[in-house]
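Inside the fold
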Amino acid sequence: MTPPNATASPADAGDGVGRATGAVLTRAGKGVLAGSVLLYAAAFALGYRETVVLASGGVIGLIVALLWTLPRARLDVGREVTPLKVSRGDAAVAVLRVHNQGRLAPAGLRARDRVGAAEHVVELPTLRGGRARVVSYTLPTDTRGEIEVGPLAVVREDPFGLTRNVTEYGERARLLVRPRVVPLGVLPSGRAPHLEGPSGDRAPSGTATFQTLREYVPGDDMRHVHWRSTARTGTLMVRRLVDASLPVTTVALDTRAFSAEAWSRAAAAAGSASGIEGAAGSVSRAVSRAVSGARSASSATGSGAGPASRIGVGSEAGPVARAWFELAVDVAASVAVGAARAGFPVRVVTGERVLLDLRGGAGDVEAVLDALALVGLGDDPGTDPVRLARPGGSLVVVTGDPSAVAGVAAARRRHERTVCLRVAPSGGPVSVPGVTVLDVPDLETLAVVWTGVAR
């Protein structure tokens, strides 16, 4: 189950006014031109009149091709991308609208739209004057990240492919492919440092709980003036009242790229530890789905598109490791979205930086998904995200490294609740005092096991 997409207006390719580049020779046309020149040269040097006929035929063909493509078609072209934000794997489409505003019916038209590193070509039928055509095509959403759509170009080419006339329309659009999430509850805290809830420097100002005294600043409510302290210090002092802050859920996403050898050892350990044919088969099927998904996403958007393409792992385990990292991002997004949607503060950290620090609320759900849509694996293997976790509240570590549990165990005393979610194949159950360790091979499993943890 995925959350509703953001209510963003579709991106239009423009107002229909195109920027023409004029008729140009294609590679085949340049070859015909060069061959004609060589034939003319051979006829002049060797006196072969037959070559003049062949050369003249090539030149005449080029002239006819130029006359075919030189007139600019009077078209009103627009393209909309909807929705602009989509969960990974959900549908996103581009709707192409072409209206012939002229009287003639131009032939040989096709629309060319760049999607990431790939190119989508739509053959357009011959449109009579005043007629319009609407064509829609799906956009690849298998790879999380920001996909640039455009520029949109309408190409008119002669039947022999010697010349073409390219007209660009509108601006580029950006499709944001965000993580998939499942609905999760918020983790309950193990203890309450304050009778009315934890209160600290980050607690919002309010009227419920006295926190400290401070000097008066213009705009303060005079009813909060503490007259005894004012008389004792000679400075106007006011009471700072706060609303008790809610427990913070810190989601630590491990962005370290563990090596292919480490992943292979973990997968082998998972297979040998299970000892059950059904479990081994499920791991194998999960790996197969991961490889096929990663390869299809790579071929659809190009080798350099999206955050997943920047993962530095071995060539053999690369597609599988990329797929496990995509699952890790989905798991982290599910936990963070669940806390924010319940109105609790949420903090998302990676090995490099604090990605988000939010107070919680329905509006923060979009911020979580947008930020995690662009996160990728880090280059430094020593960047442990747990070190950026602020003490207090609940700590949820999402990692693909089976050996990361030891680092999580060292931080358990600083938090009221500590959970480690392992998304890669592991060597079997691990018992760590004070830490709940769960293996999450897919999002469906996360929704099941999280129910027991959130009680």
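For the structure given in this document, a descriptive report is provided here. Not measured: the values here are computed from a predicted model.

What follows deals with the sheet that holds strand E16 (residues 354-358). Pairing is mixed across the open sheet formed by six strands, whose spatial order is E16-E15-E14-E17-E18-E19. Edge positions in the sheet fall to E16 and strand E19 (436-439), since each has one partner strand and no second. Sheet twist, expressed as the mean angle between neighbouring strand axes with direction ignored, is 15°. Here strand E17 (residues 394-399) runs beside strand E18 (residues 417-422); their pairing, made up of six bridges, is parallel. Looking at the pairing, serine 394 lines up with arginine 417 of E18. Contacts from helix H7 (residues 362-372) reach strand E14 (249-253), strand E15 (346-349) and E16, with the element oriented near 180° to E16. Contacts from helix H9 (residues 443-453) reach E17, E18 and E19 within the one sheet, and its direction differs from that of E18 by about 160°.

In this section: unusual backbone geometry. Residue threonine 82 is joined to proline 83 through a cis peptide bond whose omega torsion reads -10°. In this model, glycine 150 is joined to proline 151 through a cis peptide bond whose omega is 5°. Along the polypeptide, proline 151 turns up in strand E9 (residues 145-157).

Two elements in contact, helix H1 (residues 27-46) and helix H2 (residues 49-69), have axes whose closest approach is 8 Å; the angle formed by their N-to-C orientations is 150°. Classified by the angle their axes make, H1 and H2 are roughly antiparallel. Taken as a pair, H1 and H2 cross one another with a handedness that is left-handed. Contacts between H1 and H2 pair Gly29, Val32, Leu33, Ser36, Leu39, Tyr40, Ala42 and Ala43 from the former with Thr51, Val52, Leu54, Ala55, Ser56, Gly58, Val59 and Leu62 from the latter. Within the contact of H1 with H2, the residues separate by chemical class into 11 nonpolar, five polar and no charged.

Ranked by internal contacts, the top residues of the largest apolar core, which has 43 residues, are Val331, Leu372, Val398, Leu421, Leu446 and Trp450. If you list the elements that add at least two residues to this core, you get E14, helix H6 (318-341), E15, E16, H7, E17, E18 and H9. Looking at which element gives the most residues to this core, the answer is H6, with 13 residues. Ignoring sequence-local partners within four residues, the contact set of valine 398 consists of Val251, Ala252, Leu253, Asp254, Ala328, Val331, Ala332, Leu421 and Val423. Formed by 27 residues, the second largest nonpolar core is a distinct cluster that contains Ala73, Val115, Val135 and Leu175.

Rules used in this analysis
- Here the residue numbering is sequential within each chain, running from 1 through the sequence in written order.
- Only residues with pLDDT of at least 70 get local features here, since the model is predicted, and only at 80 or more are side-chain atom pairs given and counted; chain-wide, interface and lining totals rely on the full set of residues.
- Side-chain descriptors were evaluated using all non-hydrogen atoms of the structure, hydrogens and water having been removed beforehand.
- Here, a strand pair is defined by DSSP locating no fewer than two bridges between the strands.
- A helix here means a DSSP run of H or I that spans at least four residues, while a strand means a run of E at least two residues long, and both kinds are numbered starting from the N terminus.
- In this analysis an axis means a line fitted to C-alpha atoms, helices contributing only their contacting stretch, and an angle means the value between N-to-C directions, from 0 to 180 degrees.
- Between two residues, a contact is recorded if the distance between any of their heavy atoms is within 4.5 Å.
- Oblique is the label for every angle not falling under 35 degrees (roughly parallel), over 145 degrees (roughly antiparallel), or within 65 to 115 degrees (roughly perpendicular).
- Should the near helix be turned anticlockwise from the far one by less than a right angle, the crossing is left-handed, and should it be turned clockwise, the crossing is right-handed.
- Each residue gets one label: Ala, Val, Leu, Ile, Met, Phe, Trp, Tyr, Cys and Pro are nonpolar, Asp, Glu, Lys and Arg are charged, and the others, such as Gly, are polar.
- Only buried residues count toward a nonpolar core, which is a set of Ala, Val, Leu, Ile, Met, Phe, Trp, Tyr and Cys residues joined through side-chain atoms within 4.5 Å.
- Burial classes: relative accessible area under 20% of the type maximum marks a residue as buried, over 50% as exposed, and values in between as partly exposed (1.4 Å probe, protein chains only).

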